[in-house]
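# Observations on the three-dimensional arrangement
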Amino acid sequence: QVQLVESGGGLVQPGGSLRLSCAVSGNIFSSLTMGWYRQAPGKEREFVARITSGGATNYADSVKGRFTISRDNAKKTVYLQMNSLKPEDTAAYYCNGYNNGIGVDYWGQGTQVAVSS
């Protein structure tokens with residue numbers, strides 16, 4: 001059973017920083033492509049960032065240069081460092097794990113990020 005648990009959300013002022021974490025249970029973390037998605041109220045869930053098992057990364061244009069995704073295979077955890085936060089970054093952030101071998105997605109329960117003065 002693979003479970004994803006996010007943490008690190010909260011309220012921050014514009015220009016501030018937060019680091020989200022996603023801890024993954026089970027023994028397949030190192031083989032998963034890990035990603036972060038977000039969903040603002042009234043909007044569709046959107047892609048934020050992704051990191052492959054080999055460490056390659058890609059980002060949504062809206063967060064490039066401000067957000068950094070990383071992973072620690074020993075801790076079975078993926079991180080999203082978010083800097084220079086803007087009010088439009090306010091959303092529920094979801095951790096995703098994709099098993100390329102069997103084509104299965106795993107999702108966390110989400111963590112709320114609010115950017116407001």
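What counts and what doesn't
Residues numbered from 1 in each chain as written. Predicted model: local features only at pLDDT ≥ 70, side-chain atom pairs only at ≥ 80, totals over all residues. Heavy atoms only, no water. Core = buried A, V, L, I, M, F, W, Y, C linked by side-chain atoms within 4.5 Å. Buried < 20%, exposed > 50% of the residue type's maximum accessible area, 1.4 Å probe, protein only. Helix = DSSP H or I, 4+ residues; strand = E, 2+ residues; numbered from the N terminus. Salt bridge = Lys/Arg side-chain N within 4 Å of Asp/Glu carboxyl O. Polar contact = N/O pair within 3.5 Å; in protein donor to acceptor, adjacent residues only side chain to side chain. Pairing = 2+ DSSP bridges. Axes fitted to C-alpha atoms, helices over the stretch in contact; angles between N-to-C directions. Phe/Tyr/Trp six-rings, centres within 6.5 Å; stacked < 30°, edge-to-face > 60°.

## Some details on the nonpolar core
Met 34, Trp 36, Val 78, Leu 80, Met 82 and Tyr 93 are the most contacted members of the largest nonpolar core, which has 30 residues in total. Elements with a minimum of two residues in this core: β3 (18-24), β4 (33-39), β5 (46-51), β7 (67-72), β8 (77-82), β9 (91-99) and β11 (111-115). A per-element tally of this core places β3 first, with four residues.

## Some thoughts on the pattern of salt bridges
As enumerated under the stated definition, the model contains four salt bridges in all. Asp 89 is the salt-bridge partner of Arg 38, the closest N and O atoms lying 2.9 Å from each other. Placement of Arg 38 in strand β4 and of Asp 89 in the loop between β8 and β9 is noted, with a sequence separation of 51 residues between them. The pair formed by Arg 38 and Asp 89 is uniform in burial state, with each residue classed as buried.

## Comments concerning the environment of Lys 64
Note on placement: Lys 64 falls in the loop between β6 (57-59) and β7. The spatial distance from the C-alpha of Lys 64 to the C-alpha of Lys 76 is 24 Å, given a sequence separation of twelve residues. At 3.2 Å, the side chain of Lys 64 forms a polar contact with the side chain of Asp 61.

## Examining the sheet that holds β8
The four strands lie next to each other as β1-β3-β8-β7, forming an open sheet whose pairing is antiparallel. Two strands lie at the open edges of the sheet, namely β1 (4-7) and β7, each paired on one side alone. Neighbouring strand axes in the sheet, compared pairwise and without regard to direction, differ in orientation by 15° on average. The pairing of β1 with β3 spans four bridges and is antiparallel. By the bridge assignment, Val 5 is partnered in β3 with Ala 23.

## Focus: the packing of aromatic side chains
The final tally for this structure, using the stated rule, is two aromatic pairs. Centroid distance Tyr 37 to Phe 47: 5.7 Å. Interplanar angle 70°. Geometry classified as edge-to-face. Here the residue Tyr 37 occupies a position in strand β4, and Phe 47 occupies one in strand β5, the gap between them amounting to ten residues. With relative accessibility at 18%, the residue Tyr 37 sits in the buried group. The class of Phe 47 is partly exposed, set by a relative accessible area of 22%. Relative to Trp 107, the ring of Tyr 37 has its centre 5.2 Å away and its plane inclined at 65°; by these criteria the two rings are edge-to-face. Here the residue Tyr 37 occupies a position in strand β4, and Trp 107 occupies one in strand β10 (residues 104-107), the gap between them amounting to 70 residues. A relative accessible area of 37% means that Trp 107 is categorised as partly exposed. Taken together, Tyr 37, Phe 47 and Trp 107 form an aromatic cluster joined through their ring pairs.

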